[in-house]
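What follows is each chain in one-letter form.
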There are 2 protein chains.
Amino acid sequence: MKFAILFGGVSYEHEISIVSAISLKKVLKSEIVYIFCDKDRDFYLINSKDIKSKLFSSGEYKKSPKLTLKRGGFFQKGLVGEKRVEFDTLINLVHGADGEDGKLAAVLSFFGIDYIGPRVDASVLSFNKLYTKLYASSIGIDTVDYEVLQKGAYKITTPYPVIIKPLRLGSSIGVSIVRDESELEYALDVAYEFDDEVLVEPFIEGVKEYNLAGCKVDGEFIFSIVEEPQKGDFLDFDKKYLDFSRDSRVQKAQIDPFLEENLKKEFKKIYGTLFEGALIRCDFFVVDNEIKLNEINPIPGSMANYLFEDFEGVIQNLSKSLPKEKPIPIEYRYINSIQKAKGK
Amino acid sequence: MKFAILFGGVSYEHEISIVSAISLKKVLKSEIVYIFCDKDRDFYLINSKDIKSKLFSSGEYKKSPKLTLKRGGFFQKGLVGEKRVEFDTLINLVHGADGEDGKLAAVLSFFGIDYIGPRVDASVLSFNKLYTKLYASSIGIDTVDYEVLQKGAYKITTPYPVIIKPLRLGSSIGVSIVRDESELEYALDVAYEFDDEVLVEPFIEGVKEYNLAGCKVDGEFIFSIVEEPQKGDFLDFDKKYLDFSRDSRVQKAQIDPFLEENLKKEFKKIYGTLFEGALIRCDFFVVDNEIKLNEINPIPGSMANYLFEDFEGVIQNLSKSLPKEKPIPIEYRYINSIQKAKGK
């Protein structure tokens, strides 16, 4: 089994995606080709031994072979014609915009490339935090209360302290905790830098947080261990950044087996058929013994490899169980019958 | 102003898209290039004078120049290198899957091509009838009651008569009215042919239906006339098919100006910022003096040209007011600072 790892992308999380790719290189033993999407959305085939952060920050990657994305794959110009870059399954490791907002999912689906990652619908519903709430509520999953503000609005109704998040970003970028009104305007301005819409939620001091990753293979769920992430108030970007480079296994959270069972039940409902093809991480809060979904990471940092005992096995199995596009017959039945009726 | 019309696509509405393109050819005076997406998702540059349904049903279109979609546009191989197909704005006229499910929207956005049509989020929320309901309810727009069934389920709780619709198809394909239990199984099987999930709504006999199309240009709404569509029980595919070929203006519905004003208010809420860049048609029901959204057509048949007095002017103005992607700076700030910290 040969994988391609697609990373980079035009996103605030571009650098994080590079860090994620470097981590997976350390973790995976399978044969891998690396495909980098740069800030101009040009694709480059990166030699595995060159995968170091400096290659990208220095611009040196531009010396690598440029690839063209077309039906069936990525193609490299050769002396005679073009050559397809060989791999069985691509892992979409572009975090944030492009990767998690549905754009690359659509591009890969449209061009018929097999990939591990959320499909278009799953991307749109998990990338936008309001849509995640709507989706969750439609399947009976509880989330934290919220309000959405449009750029220019500075009045909130949620009682302090609150947490302010750009509606469409991951990795804690632009996120602030606001303890009273005096801090509000600045925090909103920071969030509005990144998005025209902002989510406001009550900030729950010392809330219990549990992360659970998993995927569905042949109709059966494969779960990671449950992790209780270590944090201060919350993960800021620098800390989260390091989080994306994790490659060693973590301790299983010491929790009641009953709670663990319930977290898995909630995960299954969320994953449903929507996230088929993806390995996702759900971050849950537990408030007064109630489980609430905090967020869905449809492409978690370094694929949450550190939460799985046999990460490589999971990825290999998942790649054999990807959702297939339903074939649509195109038969010109109506055009033919109308032409017949018209006598043409 | 030169337009490109993109039509075809891998969709049950492939043929309808061809009919739509032929209609627009009759209506628009602007210079237009036609780009056809065939059943293999190969793109062809079609000579305007050859745009006849037979060209496609016969497969003769394959003699036309093949195009490659890349960053910045569609490219045609020439004797020396490649030549970009010249146009200012592309009109996405691919109905149903590919066109309205977000795939082509994402592909066009990813490759930086200016286009009229719904963006990825708008596509996903309007293509899936359940997500449309969730979206509508989140912005205070009323819709008809509903339940969603998963493939294999044959029990409903909605009282008869009901209307059964595949969750993700347009153009009345796979839609049935079911008057009692004896007709249910067959109707569900028909719908399950097209989708693994099915929407069940009460069928409201003789409901008043009103269609309103429009778009936003420089922050101001441009509206079409309100049409009261002529129909029997509902539009079946054959009738709807003819509907896509409409190119002559229709009569304005004889309605209370107060109702018209309210339809426009609802339209504005629905369009919001989500549908910026698209000319959409909202189909409303009026039940007991209450307006309910029936569906959003983000790429209406033949662009609902027949509802506008100056359709060409609308399209030209819209093409100058397309949403721009927010630039995201990629600066390798974190990677550089981490390398510094590590002394590398």
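Thresholds applied
In this numbering scheme, every chain counts its residues from 1 along its sequence in written order. Starting at A for chains and at 1 for ligands, labels are handed out in the order in which the entities are written. Selection of residues for local features in this predicted model requires a pLDDT of at least 70, selection of side-chain atom pairs for listing and counting requires 80 or more, and totals for whole chains, interfaces and linings are taken over all residues. Helical segments are the DSSP runs of H or I of at least four residues, strand segments are the runs of E of at least two, and each set is numbered from the N terminus. Here the globule rule reads 2.2 Å times residues to the power 0.38, and the radius of gyration is calculated from C-alpha atoms. Residues are called buried when their C-beta atom has 20 or more other C-beta atoms within 10 Å, exposed when it has 12 or fewer, and partly exposed otherwise; all C-beta atoms are positioned from the backbone. What counts as a contact is two residues whose backbone-derived C-beta atoms lie within 7 Å of each other. Asp, Glu, Lys and Arg are counted as charged, while Ala, Val, Leu, Ile, Met, Phe, Trp, Tyr, Cys and Pro are counted as nonpolar; the rest, among them Gly, fall into the polar class. When DSSP finds two or more bridges between two strands, those strands count as paired. Geometry is summarised by axes, namely lines fitted to C-alpha atoms with helices restricted to the contacting stretch, and by angles between N-to-C directions that run from 0 to 180 degrees. Angle categories: roughly parallel below 35 degrees, roughly antiparallel above 145, roughly perpendicular from 65 to 115, and oblique for all the rest. When the copies are superposed, the least-squares fit takes in the C-alpha atoms of residues with a pLDDT of at least 70 in both. In this description, one arc is meant: the one made by directions from the helix axis to the C-beta atoms. By our criterion, buried Ala, Val, Leu, Ile, Met, Phe, Trp, Tyr and Cys residues that link up through C-beta atoms within 7 Å make up a nonpolar core.

Enquirer: I tried to follow the overall build of chain A on my own but got confused; where do I start?
Expert: Summing up its helical and strand segments, chain A has 10 helices and 16 strands in all. Its C-alpha atoms give chain A a radius of gyration of 22 Å, near enough to 20 Å, the size a compact globule of 344 residues would have. C-alpha atoms of chain A, sized along the principal axes, occupy 70 × 60 × 45 Å. Taken across its 344 residues, chain A has 43% of its residues classed as buried. Taking contacts inside chain A between residues at least 6 apart in sequence as the whole, the part at least 24 apart equals 67%.

Enquirer: Would you mind showing me how to read the interface of chain A and chain B here?
Expert: Size of an interface: often given as the accessible area lost when the parts come together. Taken residue by residue, the interface counts 38 residues in chain A and 38 residues in chain B. Put simply, the parts of the chain that give the side of chain A that touches chain B at least two residues each are α1 (14-27), α2 (53-57), β4 (66-70), α3 (103-110), α4 (120-127), α5 (129-138) and α10 (333-342) of chain A. For the side of chain A that touches chain B, the element with the highest residue contribution is α3 of chain A, accounting for 5 residues. Residues that form the side of chain A that touches chain B fall into these classes: 17 nonpolar, 11 polar and 10 charged.

Enquirer: Help me understand the sheet that holds strand β16 (residues 290-297) of chain A, please; the structure alone is not making it clear to me.
Expert: By way of backbone hydrogen bonds, the strands of a sheet pair with one another, either parallel or antiparallel. All names here are of chain A. Here 4 strands make up an open sheet; going across it, the order is β14-β13-β15-β16 and the pairing antiparallel. Each end of this open sheet is capped by a strand with a single partner; those strands are β14 (220-227) and β16. Strand-to-strand twist in this sheet, taken as the mean axis angle between neighbours without regard to direction, amounts to 30°. Relative to β14, strand β13 (residues 208-217) runs antiparallel, the two being bridged by 6 bridges. From the neighbouring strand, Lys-216 faces β14, where its bridge partner is Phe-221.

Enquirer: Would you mind showing me how to read the packing of α4 of chain A against helix α4 (residues 120-127) of chain B here?
Expert: The description of two packed helices rests on the angle between their axes and on the distance between the axes. Here α4 of chain A crosses α4 of chain B at 110°, and the two axes come no closer than 10 Å. Taken together, α4 of chain A and α4 of chain B sit at an angle that is classed as roughly perpendicular. Taken together, the residues of α4 of chain B that come into contact with α4 of chain A (itself represented by Val-120, Asp-121 and Val-124 of chain A) are Val-120, Asp-121 and Val-124 of chain B.

Enquirer: Honestly, the relation of the copies chain A and chain B in this entry has me stumped. Any pointers?
Expert: Between the two copies of the chain lies a rotation about an axis combined with a shift along it. For the pair chain A and chain B, the best superposition has an RMSD of 0.0 Å and corresponds to a rotation of 180° with a translation of 0.0 Å parallel to the axis. Taken together, these values place the two copies in the relation of a two-fold axis. A shared interface surface links the copies, since 100% of the contact residues of chain A are contact residues in chain B too.

Enquirer: Can you help me understand α4 of chain A in this one?
Expert: Since one α-helical turn is 3.6 residues long, residues separated by three or four positions face the same way. Burial runs high along α4 of chain A: 8 of the 8 residues are buried. Within the sequence span of α4 of chain A, burial applies to Val-120, Asp-121, Ala-122, Ser-123, Val-124, Leu-125, Ser-126 and Phe-127 of chain A. Elements in contact with the buried residues of α4 of chain A: α3, α5 and β16 of chain A together with α3 (103-110) and α4 of chain B.

Enquirer: Is there a simple way to think about the pairing of strand β10 (residues 162-166) of chain B in this case?
Expert: For a regular strand, the rule is simple: side chains alternate between the two faces of the sheet. All names here are of chain B. Counting buried residues in β10 gives 5 out of 5 residues, a clear majority hidden from the surface. With burial as the criterion, each face of β10 is covered, one bearing Val-162, Ile-164 and Pro-166 and the other bearing Ile-163 and Lys-165. Across 3 bridges, the pairing between β10 and strand β11 (residues 176-178) is antiparallel. Along β11, the bridge assignment pairs Ile-164 with Ser-176.

Enquirer: I'm lost on helix α9 (residues 311-319) of chain A in this one. Help?
Expert: All names here are of chain A. Regarding α9, the residues found buried are Phe-311, Val-314, Ile-315, Leu-318 and Ser-319. The buried residues of α9 occupy an angular sector of 130° when projected down its axis, which confines them to one face. Looking at the buried positions of α9, the neighbouring elements they touch are α1, β7 (89-92), β8 (115-116), β13 and β14.

Enquirer: Explain the environment of Asn-262 of chain A here, please?
Expert: Among the secondary structure elements, Asn-262 of chain A is positioned in helix α8 (residues 257-271). Linking Asn-262 of chain A and Phe-275 of chain A, residues 13 residues apart in sequence, is a C-alpha distance of 19 Å.

Enquirer: Mind showing me how you'd approach the sheet that holds β4 of chain A here?
Expert: All names here are of chain A. Strands sit in the order β6-β5-β4-β3-β2-β1-β7-β8 across an open sheet of 8 strands; the sheet is mixed. In the strand order of this sheet, the two ends are held by β6 (82-84) and β8, each with one partner. Sheet analysis places strand β1 (residues 2-8) next to β7, joined by 4 bridges and oriented parallel. In the strand pairing of β7, Phe-3 is matched with Thr-89. Against the sheet, α1 contacts β1 and β2 (31-37), and its axis sits at roughly 155° relative to β1.

Enquirer: Is there a simple way to explain the environment of Asn-211 of chain A in this structure?
Expert: All names here are of chain A. Relative to the helices and strands, Asn-211 resides in strand β13. Classification of Asn-211 by C-beta neighbours within 10 Å gives buried; the count is 23. Considering only alpha carbons, one finds Asn-211 and Ile-296, 85 residues apart in sequence, at a separation of 9.8 Å. Apart from residues lying up to four places away in sequence, Asn-211 is in contact with Glu-227, Pro-229, Arg-281 and Asp-283.

Enquirer: What is the right way to read the packing of α4 of chain B against helix α5 (residues 129-138) of chain B from this model?
Expert: Residues and elements named next belong to chain B. Where α4 contacts α5, the axes come no closer than 5 Å and their chain directions differ by 105°. One element, α4, and the other, α5, form an angle in the roughly perpendicular class. Residues Val-124, Leu-125 and Ser-126 of α4 form the contact with α5, whose own contacting residues are Tyr-131, Thr-132 and Tyr-135. Its residues assigned to classes, the contact of α4 with α5 comprises 4 nonpolar, 2 polar and no charged.

Enquirer: Mind showing me how you'd approach the nonpolar core here?
Expert: Soluble globular proteins tend to bury their nonpolar side chains together. In this structure, Ile-5 and Leu-6 of chain A together with Ile-5 and Leu-6 of chain B are the most contacted members of the largest nonpolar core, which totals 142 residues. Here Leu-6 of chain B is in contact with Ile-35, Cys-37, Leu-90, Ile-91, Asn-92, Leu-93 and Val-94 of chain B, once residues within four sequence places are set aside. Among the nonpolar cores identified, the runner-up in size contains 19 residues, and Ile-163, Val-178, Tyr-192 and Val-200 of chain A belong to it.

Enquirer: How should unusual backbone geometry be read in this particular structure?
Expert: Backbone phi values are negative for most residues with the exception of glycine, while trans is the configuration of most peptide bonds. Between Tyr-160 of chain A and Pro-161 of chain A the backbone carries a cis peptide bond, its omega angle lying at -5°. Mapped onto the secondary structure, Pro-161 of chain A falls in the loop between β9 (147-150) and β10 (162-166). Residues other than glycine seldom take positive phi values, yet Asn-289 of chain B does so here, at roughly 65°. By the secondary structure assignment, Asn-289 of chain B is in the loop between β15 (280-287) and β16 (290-297).

Enquirer: What am I meant to see in the environment of Ile-139 of chain B here?
Expert: All names here are of chain B. As for its position among the elements, Ile-139 is in the loop between α5 and β9 (147-150). Residue classification places Ile-139 among the exposed positions, given that 12 C-beta atoms sit within 10 Å. Between the alpha carbons of Ile-139 and Gly-272 there is a distance of 9.5 Å; along the sequence they are 133 residues apart. Other than its neighbours up to four places away in sequence, Ile-139 contacts Lys-269 and Gly-272.

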